[in-house]
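Descriptive analysis of the structure
Residues per chain, in single letters:
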Amino acid sequence: MHFPRSSGLLLHPTALPSPWGVGDLGPTAYQFVDFLAAAGQSLWQILPLGPTGYGDSPYQCFSAFAGNPVLISLDQLIQRGLLSYDEVVEASRRYDLNADQVHYGEVLAFKLPLLRHCYERLHEGGAPDMAAAFTQFCRDQHAWLDDYALFMTLKEVHDGRSWHEWEPELRTRDPKALAEARTQYAEAFTLQQFFQFLFFQQWLPLKAYANEHQIRIIGDAPIFVAYDSADVWANPELFFLDPEGKPTVVAGVPPDYFSTTGQLWGNPLYNWQRMAQDGYAWWIKRLRAAFMQMDILRLDHFRGFAAYWEVPAGEETAINGRWVKGPGAALFKRLEEEFGALPIIAEDLGLITPDVIALRDQFDLPGMKVLQFAFGGGSSNIYLPHHHVPNCVIYSGTHDNNTTVGWFEDLTEEEREVIRGYLGRSGSDIAWDFLRLAMMSVADMAVVPLQDVLRLDAKARINTPGRLGGNWGWRFRDDVLNAGLAHGLHFFTEIYGRLPPSPEPDEPAEDTATEDELVYDPVDLAATA
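The shown structure was predicted, so the numbers you read here are calculated from the model rather than taken from an experiment.

1. A short note on empty space enclosed by the protein
By the definition in use, this model includes five cavities of 30 Å³ or more. Roughly 260 Å³ of internal volume is contained in the largest cavity. Taken together, 24 residues make up the lining of the largest cavity; nearest its centre are P48, S63, A64, D220 and R286. Those elements that place two or more of their residues in the lining of the largest cavity are β3 (216-222) and α12 (281-293). Of all the elements, α12 adds the most residues to the lining of the largest cavity, at four residues.

Printed below as a string of structure tokens:
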């Protein structure tokens, strides 16, 4: 699927400013959309939105369908009357809510009790229109919501332990045991459903607001799901697990130039043969949910659909693995039957073989180019702009890269000189040199991390792969997105032909909702969800 020539920024909502320790889906998210529109941007790329666990990584979520309660805006709940400003401020004094770095443990300890208070007030008869919408939401989303809510409830009951450590009857999902658990822990179960209701009640209007401003949301979906997730617990037959529910083989990548032992990810692997028997129903459900939340979806580790690296469970490294053929075209043909042309970006970085390229091109999916990967190997490097093709997305860097300033500082002087020669510039403003290089590329879409727009150094890096702890926490202050910055972005976006099309002057004005209507109309939201 070819996309119109356009550009945008990469920023996960957790990095947005807010007084409550983490970015959320409240006022500053709308302000960020306004900034994007003023800057002539038409894309907002985010990381996976799911509920995170150990390590706080959005790529290891408890569900491929659910939203992260940490993103729920307390300001909107205050405006809705479910919380008071004074009680939120009073609660915040007991925690380290940092304006520059997310401390997830502190934020969760602060935020979840407040969300529980909202549920109690709703249960006591507050906001009856919201109560009706909540009931409708649970009914509409039961296919994934009930399993997720029970999974999270049972994790709490078991002090956070992985599901394979639960009692056998719960681990193996004995129907009688599950029914008893839902009855015994009914309030906790409903509370988890309520958290999801609040999340989608806030996310869907924000997406609608972005779309009204000609901005499309690019979401992100890891190919594999976390082992300790509702997805694996509720669908064990779709994965290679032993009778105890433990993986027999796990995901990784083989040894390469960067790692002599490869990377052992540990995710359970899909039983693709079993998935094919019901027409890849789980993947259809997953993408239907994703396309409700996003306009475009980036599929992480796309090469795994052609062939993936299988490592026996219990190995300490990824050395003793093997390549196994993935579902290939069969899966994507089925997805096309269901959804038509697929609004998908194929993350095709790393070790890419001809079968991966063939699969990507068969379904006309844009791949990715990263400028930080371009300056090694001479003029034949495929990431250099003179090798780009229209049907791709060009990035200065991704969430796994250093900021462009930090990356440039880490290079040798000889390496920097090669880049200066290619750019014809001194490199004194390397972040915007790369921004300009991305904008001028023939790639249909250009996406730049906000850190590069702000010319930030390595301190603003959001993720260092392989590092335990300290990732995913970067935030920015609300005074940095000013009119001058928007003007500079707009200038390059315009001269390189990436502005969104202007509305036709004779078109009737759309009957658009106000921000308040978008955010606080739960009945309409339930229908949308």
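2. Some points on the nonpolar core
Counting 169 residues, the largest nonpolar core has W44, W203, W283, F305 and F332 as the members making the most contacts within it. When residues in this core are grouped by element, the largest group, 13 residues, is from helix α9 (residues 186-212). Dropping the residues within four chain positions of it, W283 is found in contact with I223, Y270, W272, M275, F305, L331 and L335.

3. Side note on the sheet that holds strand β5 (residues 263-268)
Reading across the sheet, the four strands line up as β5-β4-β7-β8 and stay open at both edges, with antiparallel pairing between neighbours. The sheet is open, and its two borders are formed by β5 and β8 (322-325), each paired with just one other strand. The mean inter-strand angle of the sheet, taken between neighbouring strand axes irrespective of direction, is 50°. Inspection of the sheet shows strand β4 (residues 249-253) paired to strand β7 (residues 307-312) by four bridges, in the antiparallel sense. Bridge pairing in β7 places V249 opposite P312.

4. Some details on the layout of surface pockets
Here the second largest pocket defines a volume of roughly 520 Å³. Around the second largest pocket, the lining is made up of 26 residues, and of these F65, A143, W144, W282 and K285 lie nearest the centre. At the level of secondary structure, the elements contributing two or more residues to the lining of the second largest pocket comprise α5 (128-140), α6 (142-157), α10 (230-234) and α12. Element by element, the count of residues in the lining of the second largest pocket is highest for α12, at seven residues. Of the residues in the lining of the second largest pocket, the class split is 14 nonpolar, four polar and eight charged.

5. Overview of unusual backbone geometry
Even without a glycine there, the phi angle at R173 is positive, about 60°. On the secondary structure map, R173 appears in the loop between α7 (168-171) and α8 (175-184). Despite not being glycine, Q214 shows a phi value in the positive range, around 60°. For Q214, the position within the fold is in the loop between α9 and β3. Residue Q214 is classed as partly exposed on the basis of its relative accessible area, which comes to 34%.

6. Structural notes on the environment of P222
Tracing the backbone shows P222 in strand β3. Taking the C-alpha atoms as reference points, P222 and A64, separated by 158 residues in sequence, lie 8.8 Å from one another. Those residues in contact with P222 that lie beyond four places of it in its chain are P48, Y59, R286 and D300.

7. Observations regarding the side chain of N391
As for its placement among the helices and strands, N391 is situated in the loop between β10 (367-370) and β11 (392-395). For N391, a relative accessible area of 14% corresponds to the buried category. Polar contacts involving the side chain of N391 include one to the side chain of D364, which spans 3.4 Å. Ignoring sequence-local partners within four residues, the contact set of N391 consists of M1, H2, D364, L365, P366, G367 and D444.

8. Some details on the sheet that holds β11
The parallel open sheet is built from eight strands, whose spatial order is β9-β6-β3-β2-β1-β12-β11-β10. What marks the edges here is a single partner per strand, and that holds for β9 (344-346) and β10. Between one strand axis and the next, the sheet turns through 25° on average, direction left out of account. For strand β2 (residues 43-45) and β3, the ladder comprises three bridges, and the chain directions are parallel. In the sheet register, L43 faces β3, and the bridge partner there is R216. Packed on one face of the sheet, α12 meets β3, β6 (296-300) and β9 and runs near 135° to β6.

What counts, and where the lines are drawn
Residues numbered from 1 in each chain as written. Predicted model: local features only at pLDDT ≥ 70, side-chain atom pairs only at ≥ 80, totals over all residues. Heavy atoms only, no water. 1 Å grid on protein atoms, 1.4 Å probe; cavity = no way out; pocket = protein on both sides within 12 Å on 5 of 7 lines; lining within 4 Å. Points joined across faces, edges and corners; volume = space filled by probe spheres on them. Helix = DSSP H or I, 4+ residues; strand = E, 2+ residues; numbered from the N terminus. Core = buried A, V, L, I, M, F, W, Y, C linked by side-chain atoms within 4.5 Å. Buried < 20%, exposed > 50% of the residue type's maximum accessible area, 1.4 Å probe, protein only. Contact = heavy atoms within 4.5 Å. Pairing = 2+ DSSP bridges. Axes fitted to C-alpha atoms, helices over the stretch in contact; angles between N-to-C directions. Nonpolar A, V, L, I, M, F, W, Y, C, P; charged D, E, K, R; others polar. Polar contact = N/O pair within 3.5 Å; in protein donor to acceptor, adjacent residues only side chain to side chain.

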